[in-house]
Amino acid sequence: MRKLALGTALTGALALAGLAAPAASAAGAPDLKFSGVTVNNGKPVVVGAAKAVTVPVSYTLTRPKSLVIDQEKNVQAVLLYRGTLRAVDNALEPAEAPRCATTATTETTVTESCTEKIIAIPGDTLFENADATTWKAAGLFAHSDGSVSDDYLHNENDVTMWGGLASVEVRRAAQLTVNAAPEPAVKGRTLTVKGKLTRAAWETRTYAGYRGRKVVLQFKADGGSYADVKSITSGTGGALSTTVKATRSGTYRFVFAGTPTTGAKTSAGDHVTVR
């Protein structure tokens with residue numbers, strides 16, 4: 001697949017300094033319209049401590065019929081940013097050129113349905129935990145009058161961006177464990193259920209304890225379905241600990257509903273036989 005020629009067209013204009021102060025357009029802003037922008041199918045983007053996450057983006061682009069977008073001299077795309085276009089804190093851009101298919105034409109315009117993929121990489125494009133927040137989508141058009149080859153680069157760029165086209169929450173992934181003991185248990189005796197709630201720390205690419213968060217203990221009797229037992233709060237290092245009375249054989253698990261900065265998580269179940 002052909003890569004998006006942002007490096008050629010912008011010479012780093014998608015770097016934060018370039019986004020904060022894009023080149024003034026000598027020719028004036030092109031008559032482009034980005035509409036119906038949808039990021040990650042309308043769901044939060046949840047990123048762990050190691051693996052890159054692919055974020056699908058779809059939108060409708062309406063452009064002048066006379067404007068040829070070749071993704072080399074003329075570049076068009078949607079990217080994600082946090083902050084404002086005047087002062088961008090971070091930006092995520094597509095790794096490859098958008099795929100666009102014509103859906104309608106008039107005497108003066110062409111309407112296209114476009115899709116692209118943005119890659120979120122912990123410790124790289126997501127380089128600090130403050131990136132766990134609400135991001136916005138921006139449409140971008142850039143025109144380059146320069147030239148580039150393997151041994152020569154010269155660019156004079158016009159960059160235009162339209163911000164606030166959509167929003168999406170980017171969240172840190174959570175991990176959650178559970179262990180009920182003793183096993184097997186004696187009916188009527190006390191069971192201690194422990195676990196740990198952690199979440200991705202993008203700055204270190206590890207998982208760190210998540211303290212002070214509500215977690216629900218659930219129980220499912222053999223042959224039954226899960227039901228809430230009690231809520232507890234994670235302690236130092238994300239530690240979880242509570243006690244229940246052993247009444248019948250079944251499976252215990254913890255459920256974390258998530259926060260605006262951290263994804264929801266349900267632990268695996270731990271089965272306890274009661275005798």
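A brief report on the enclosed structure follows. (Residues numbered from 1 in each chain as written. Predicted model: local features only at pLDDT ≥ 70, side-chain atom pairs only at ≥ 80, totals over all residues. Heavy atoms only, no water.)

### Quick look at the nonpolar core
And step 1. By size, the foremost hydrophobic cluster in this structure holds 29 residues, and its most contacted members are V37, V39, Y59, L80 and L126.
And step 2. When residues of this core are traced back to their parent elements, those giving at least two are β1 (33–39), β2 (45–47), β3 (53–64), β4 (74–83), β7 (109–120), β8 (134–144) and β12 (167–172).
And step 3. Here the element with the most residues in this core is β3; it accounts for four residues.
And step 4. In contact with L126, other than residues within four places in its own chain, are V47, N90, L92, A120, I121, D131, W135, V170 and W202. (Core = buried A, V, L, I, M, F, W, Y, C linked by side-chain atoms within 4.5 Å. Buried < 20%, exposed > 50% of the residue type's maximum accessible area, 1.4 Å probe, protein only. Helix = DSSP H or I, 4+ residues; strand = E, 2+ residues; numbered from the N terminus. Contact = heavy atoms within 4.5 Å.)

### Description of the sheet that holds β7
And step 1. Read across the open sheet, the four strands follow the order β1-β3-β7-β6; overall the sheet is antiparallel. Edge strands, defined here as strands with exactly one partner in the open sheet, are β1 and β6 (99–105). Strand after strand, the sheet turns through a mean of 20° between neighbouring axes, direction not considered.
And step 2. As defined by bridge partners, β6 adjoins β7 across six bridges and the pair is classed as antiparallel. Looking at the pairing, A104 lines up with T111 of β7. (Pairing = 2+ DSSP bridges. Axes fitted to C-alpha atoms, helices over the stretch in contact; angles between N-to-C directions.)

### Regarding the environment of T273
And step 1. Following the sequence through the fold, T273 ends up in the segment after β21 (270–272).
And step 2. Between the C-alpha atoms of T273 and T251, which are 22 residues apart in sequence, the distance is 8.7 Å.
And step 3. Dropping the residues within four chain positions of it, T273 is found in contact with P184, A185 and S249.

### As for the side chain of Q71
And step 1. Note that Q71 resides in the loop between β3 and β4.
And step 2. Residue Q71 is classed as buried on the basis of its relative accessible area of 5%.
And step 3. At 3.1 Å, the side chain of Q71 forms a polar contact with the backbone oxygen of Q76. (Polar contact = N/O pair within 3.5 Å; in protein donor to acceptor, adjacent residues only side chain to side chain.)

### Concerning the pattern of salt bridges
And step 1. For the coordinates displayed, the defined rule picks out five salt bridges.
And step 2. The partner of D131 in a salt bridge is R82, and the shortest N-O contact between them spans 2.5 Å. Placement of D131 in the loop between β7 and β8 and of R82 in strand β4 is noted, with a sequence separation of 49 residues between them.
And step 3. Judged by its relative accessible area of 0%, D131 falls in the buried class.
And step 4. Among the ionic pairs, R171 bridges to E169, the shortest N-O distance being 2.3 Å.
And step 5. A single network of salt bridges, built from pairs that share partners, joins R82, D89, E128 and D131. (Salt bridge = Lys/Arg side-chain N within 4 Å of Asp/Glu carboxyl O.)

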